[in-house]
Number of protein chains: 2
Amino acid sequence: MAKSVRYHYPEMKRFLEDAFQKFGFSLKESEEITDVLLLSDLYGISSHGLQRLVRYHKCIKNGMIKVGAKPELVFETPVSAVIDAHDGMGQLVSIDAMKLAIEKAKKTGIAMVSVRNSNHYGIAGYYAKMACDEGLIGMSVTNTTALMVPTFGKKAMLGSNPIAVSMPADPYPFFFDSSTTVVTRGKLEMYNKMEKPMPIGWAVDENGIATESAPRVLRNIDDKAGGGILPLGGHLEMLGSHKGYGYAMLCEIFSSIVSLGKTSNHTYEKGKCEVCHGFAAIDPNIFGNAEEIKAYFSNFLKELREAPKADGQERIYTHGEKEVEAYKDRMENGWDVNINTVVEMKNLCDDLGFDYKEYLGDVDFSDASKNMYEQRIGGIK
Amino acid sequence: MAKSVRYHYPEMKRFLEDAFQKFGFSLKESEEITDVLLLSDLYGISSHGLQRLVRYHKCIKNGMIKVGAKPELVFETPVSAVIDAHDGMGQLVSIDAMKLAIEKAKKTGIAMVSVRNSNHYGIAGYYAKMACDEGLIGMSVTNTTALMVPTFGKKAMLGSNPIAVSMPADPYPFFFDSSTTVVTRGKLEMYNKMEKPMPIGWAVDENGIATESAPRVLRNIDDKAGGGILPLGGHLEMLGSHKGYGYAMLCEIFSSIVSLGKTSNHTYEKGKCEVCHGFAAIDPNIFGNAEEIKAYFSNFLKELREAPKADGQERIYTHGEKEVEAYKDRMENGWDVNINTVVEMKNLCDDLGFDYKEYLGDVDFSDASKNMYEQRIGGIK
């Protein structure tokens, strides 16, 4: 009995591109959205790929994501811009925003672009990677639905607020993409689907007490009922809770604050998402010779990988190494998708009038969960 | 029997300025160094103020810090610069570097300056605050002696690598200054002086095993004998160890990597310190109206402070609040300095030929520790 189904890149690419076109996006737009979502699966970040399709499905269906939205450039200087996404698909405005940052950075050396009134944009690292692919240092941050409880608080006020940075290096680029919470909401969603207890230290319930229940925390976040995920550093100042909280603030500054958009605690109100993003691109040539800097950085990464290992550990990873290895493996061999995610994909097919077997094959759904907490997004069932 | 002695700002200012002048720094230079060190004490960051004087004392005496060094501008664009500190005092080159970043950012909107071959620069936040005082967003990072063990490693390869960000807000600016380790080396130095066991979760010994012994970890760091302080997120990936490690990498990128300076694992070799710093200044006007952004940010900070408190907690702090309160209190009432730090201050007086009683008063040293681990800096006793 299969608890997961193995899929391959070409079939999932066709499925997603067809689905997003059916929603009304152009072929080019559908390709862009698909590329962001599947890079996540290919990089082994299963929480943010197919697993998140249900979120886009629900939000497009209910109008939280506006298919025909035209992002508006509301402020611009040679080194910066602010874009209003007007509730469009987060991936589309974000690709354009990072392209603009890259274009500006190639002229001026550094550029920052902030986006307001957007929707979930997938993995933060996708946009940092865009700059890296052009030989620049790329940075990307976003706020999200409020789910992080600030140090000494019991109500979620900040998002998972990831920070992503990518920089050219050999044999693979540095790629760091990390929420400022202990874990992302996506990890809780995975535990909800796997119906497994979470490790203690990830989240607190509505009373501010440590909990192992992913569905309980997800429900509380959806209901804005209190509790949430802990900042990196955990509960108390002793292990640095105020630090994770501080890094989350940096994300707010460069996404919601400078764009005058919604801070995490005001997103997902009145049927709108309105999260905000921030992008930066930096040309290493403003510090000297980019090739020399790249070689120097590559050597440092090598030193880290070759440093003495802790007892029982075989490898020290540098950031991006696991992703490159996962990409190679998954492109070649495909990857396993949780059966409950496949149910969500089938529901999407049904809604769009697709014959699911054409895209997903002949799936045995007898293992699908009857008890999993079905998430709502901004109160949308 | 006093375990600490209370001192006040004017007397400590006079002491430090006289001491640094006696070392050969000009009055202006001595005032600058003193201002960085005492702001730390006034902000309640006791680990980085008078407590650290012994470090500067030893390093100047032994030539690791070169008193007459002339920093050199080795690369420059309208938005950036790289400075070689030529082993000068970290505070002096850093103040100049941030002034340059501010000057450039006022013209171009954003600027970054990287410094190599420097010495310890005090609290990272001092330089971020410099930009904030000018209405800009200020950022400051540094690498340090290797003391952070990367995830799955057992040898310290990265520094405590703090990230500091400051941004204008009312009634007080946002001021975030935080190492990317669970705690800084300075905290271990304080526990060493207090002769208290550290909380488990801060550091590992030379075998990679959790330890409560601050002197043991400090000795191992000085001897490069293995072990060290854990990244924010602790030991394992489960609670985000790879995240603290990743943030530390960002510090290396903008300090040692882009300047082609020494990465943390190569600092403090052959009697030289050679740490590197990175500074950035961003004018909020590149995103719209700076005053409007400041007001919007201030309101968000207020919402955070007023959010529901966890059971047993009275306040949620925003970053910089504690510092402003400590500053007010300590300027008015002075602050307590650990007796073992006062011993270090007396030793400095003795070395400089000062009558210590003139600066430190009539101190009862009977409580001073006989057992405290006396730190070496880069092998210098």
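Residues numbered from 1 in each chain as written. Chains lettered and ligands numbered in written order. Predicted model: local features only at pLDDT ≥ 70, side-chain atom pairs only at ≥ 80, totals over all residues. Heavy atoms only, no water.

Just to check I follow, could you spell out the overall build of chain A for this structure?
Within chain A one finds 12 helices and 11 strands. With the principal axes as the frame, chain A shows a C-alpha extent of 60 × 50 × 45 Å. The burial tally for chain A puts 64% of its 381 residues in the buried class. Taking all contacts inside chain A whose residues are at least 6 apart in sequence as the whole, residues at least 24 apart take part in 69%. Taking the average place of the 44 positive charges on the side chains of chain A and the average place of its 51 negative ones, the gap between the two points comes to 4 Å. (Helix = DSSP H or I, 4+ residues; strand = E, 2+ residues; numbered from the N terminus. Buried < 20%, exposed > 50% of the residue type's maximum accessible area, 1.4 Å probe, protein only. Contact = heavy atoms within 4.5 Å. Lys, Arg positive; Asp, Glu negative; His and termini not counted. Charge placed at Lys NZ, Arg CZ, Asp CG, Glu CD.)

I tried to follow the interface of chain A and chain B on my own but got confused; where do I start?
The figure often quoted for interface size is the accessible area lost as the parts come together. With 89 residues of chain A at the interface, the matching set in chain B holds 89 residues. Carbon and sulfur atoms supply 73% of the area that chain A and chain B bury against each other, a total of about 7200 Å² over both sides. In terms of surface lost to chain B, no three residues of chain A exceed Phe 152, Phe 287 and Tyr 296 of chain A, which account for 10% of the buried area on that side. Seen at the junction of chain A and chain B, the total is two salt bridges. In this structure, the salt-bridge partner of Asp 311 of chain B is Lys 154 of chain A, at a minimum N-O distance of 3.9 Å. For the side of chain A that touches chain B, the elements supplying multiple residues, two or more each, are strand S2 (72-77), strand S3 (80-84), strand S4 (110-118), strand S5 (137-142), strand S6 (163-167), strand S7 (174-178), helix H8 (241-257) and helix H9 (290-305) of chain A. (Buried area = accessible area lost by both parts, 1.4 Å probe. Salt bridge = Lys/Arg side-chain N within 4 Å of Asp/Glu carboxyl O.)

Is there a simple way to explain the relation of the copies chain A and chain B in this structure?
With an axial shift of 0.0 Å and an RMSD of 0.0 Å, the rotation relating chain A to chain B amounts to 180°. Here the two chains are linked by the operation of a two-fold rotation axis. Looking at the rotation axis and the C-alpha trace of chain A, the residue lying nearest is Gly 233 of chain A, at 2.6 Å. Same-surface contact between copies: 100% of interface residues of chain A are shared with the interface of chain B. (Least-squares fit on C-alpha atoms with pLDDT ≥ 70 in both.)

So what exactly am I meant to see when it comes to the nonpolar core here?
Soluble globular proteins tend to bury their nonpolar side chains together. Core analysis: the largest hydrophobic core is formed by 110 residues, its most contacted members being Phe 174 of chain A together with Phe 174 of chain B. For Phe 174 of chain A, the residues in contact, after removing those within four places along its chain, are Val 165, Ser 166, Met 167, Ala 169, Phe 297, Leu 301 and His 319 of chain A together with Met 249, Leu 250 and Ile 253 of chain B. Residues Met 12, Leu 16, Ile 33 and Cys 273 of chain A belong to the second largest nonpolar core, which totals 41 residues. (Core = buried A, V, L, I, M, F, W, Y, C linked by side-chain atoms within 4.5 Å.)

Help me understand unusual backbone geometry, please; the structure alone is not making it clear to me.
The phi torsion of most residues other than glycine is negative, and most of the peptide bonds are trans. The peptide bond linking Asp 170 of chain A to Pro 171 of chain A adopts the cis configuration, its omega dihedral lying at 0°. Residues other than glycine seldom take positive phi values, yet Asp 87 of chain A does so here, at roughly 65°. In this fold, Asp 87 of chain A is placed in the loop between S3 and helix H4 (90-108). Even without glycine at this site, Asn 117 of chain B takes up a positive phi of about 55°.

Would you take a moment to explain the domain arrangement of chain A for this structure?
Residue and element names in this part refer to chain A. As assigned here, chain A comprises domain 1 (1-62 + 334-381), domain 2 (69-181 + 235-333) and domain 3 (183-229). Taken residue by residue, the interface counts 15 residues in domain 2 and 12 residues in domain 3. Taken together, the connections running from domain 2 to domain 3 amount to zero salt bridges. Where domain 2 meets domain 3, there are five residue pairs in polar contact (both at pLDDT 80 or more). For the side of domain 2 that touches domain 3, the class distribution of residues is six nonpolar, six polar and three charged. (Domains from an automatic or database assignment. Polar contact = N/O pair within 3.5 Å; in protein donor to acceptor, adjacent residues only side chain to side chain. Nonpolar A, V, L, I, M, F, W, Y, C, P; charged D, E, K, R; others polar.)

Whenever I open this one, the pairing of strand S3 (residues 80-84) of chain B confuses me. Can you help?
One face of the sheet, then the other: side chains in a regular strand alternate in exactly this way. Residue and element names in this part refer to chain B. Counted residue by residue, S3 has five buried out of five residues, so it is predominantly covered. Alternating positions in S3 separate into two faces, Ser 80, Val 82 and Asp 84 on one and Ala 81 and Ile 83 on the other, with burial throughout. In terms of strand pairing, strand S2 (residues 72-77) meets S3 through five bridges, oriented antiparallel. Looking at the pairing, Phe 75 lines up with Val 82 of S3. As judged from the five bridges shared by S3 and strand S4 (residues 110-118), these two strands associate in the parallel manner. Bridge pairing in S4 places Val 82 opposite Ser 114. At this point the chain moves from S3, through helix H4 (residues 90-108), to the parallel S4, and the crossover so formed is right-handed. (Pairing = 2+ DSSP bridges. Right-handed = clockwise from strand over helix to strand, strands pointing away.)

I tried to follow the packing of helix H3 (residues 53-61) of chain B against helix H11 (residues 339-352) of chain B on my own but got confused; where do I start?
The packing of two helices is summarised by the inter-axis angle and the distance between the axes. Residues and elements named next belong to chain B. At a closest axis distance of 9 Å, the pairing of H3 and H11 adopts a crossing angle of 30°. Put simply, H3 runs roughly parallel to H11. Both H3 and H11 take part in a crossing whose hand is left-handed. Of the residues in H11, those touching H3 at Leu 53, Val 54, His 57 and Lys 61 are Glu 344, Met 345, Asn 347, Leu 348 and Asp 351. (Axes fitted to C-alpha atoms, helices over the stretch in contact; angles between N-to-C directions. Parallel < 35°, antiparallel > 145°, perpendicular 65-115°, else oblique. Left-handed = near helix turned anticlockwise from the far one by under 90°.)

Please clarify how the sheet that holds strand S7 (residues 174-178) of chain B should be interpreted in this entry.
Strand pairing in a sheet takes place through backbone hydrogen bonds and is either antiparallel or parallel in direction. Residues and elements named next belong to chain B. Taking strand neighbours across the sheet as the criterion, the seven strands line up as S2-S3-S4-S10-S5-S6-S7 in an open arrangement whose pairing is mixed. Only two strands of the sheet have a single neighbouring strand rather than two, namely S2 and S7. Strand-to-strand twist across the sheet, computed as the mean angle between neighbouring axes with direction ignored, equals 10°. Pairing geometry for S4 and strand S10 (residues 275-282), over seven bridges, is antiparallel.

Please clarify how the packing of aromatic side chains should be interpreted in this entry.
Centre-to-centre distance and the angle between the planes together describe a pair of aromatic rings. Residues and elements named next belong to chain A. Applying the stated rule across the entire model yields 33 aromatic pairs over all chains. Each ring, one from Tyr 121 and one from Tyr 127, has its centre 4.7 Å from the other, and the planes form 25°; the classification is stacked. Each member of the pair, Tyr 121 as well as Tyr 127, is classed as buried. In this arrangement the basic side chain of Lys 322 is found over the ring face of Tyr 317, its NZ or CZ atom lying 4.5 Å from the centre. (Phe/Tyr/Trp six-rings, centres within 6.5 Å; stacked < 30°, edge-to-face > 60°. Lys NZ or Arg CZ within 6 Å of the ring centre and 35° of its normal.)

What exactly am I supposed to notice about the side chain of Asp 84 of chain B here?
Residues and elements named next belong to chain B. With respect to the helices and strands, the residue Asp 84 is situated in strand S3. Here Asn 117 takes part through its side chain, which lies 3.0 Å from a polar atom of the side chain of Asp 84. In this structure, Asp 84 is in contact with Pro 71, Glu 72, Val 74, Arg 116 and Asn 117, ignoring residues within four places of it in sequence.

How do you make sense of helix H10 (residues 321-333) of chain B when you look at a structure like this?
At 3.6 residues per turn, the α-helix brings residues three or four places apart onto the same side. Residues and elements named next belong to chain B. For H10, spanning 13 residues, the distance from its first C-alpha to its last is 18 Å, which sits close to the expected 18 Å at 1.5 Å a residue. The set of residues buried in H10 consists of Glu 321, Glu 323, Ala 326 and Arg 330. Of the surrounding secondary structure, the elements contacted by the buried residues of H10 are helix H2 (27-42), S7, helix H9 (290-305) and strand S11 (335-338). (Expected span 1.5 Å × (residues − 1).)

Hey, could you run me through the environment of Gly 90 of chain B in this one?
Residue and element names in this part refer to chain B. Relative to the elements of secondary structure, Gly 90 occurs in helix H4. For Gly 90, a relative accessible area of 0% translates into the label buried. Counting along the chain gives 34 residues from Gly 90 to Tyr 56, while the straight-line C-alpha distance between them is 10.0 Å. Setting aside anything within four residues of it in sequence, one finds Gly 90 in contact with Ser 118, Asn 119, His 120, Tyr 121, Tyr 127 and His 277.

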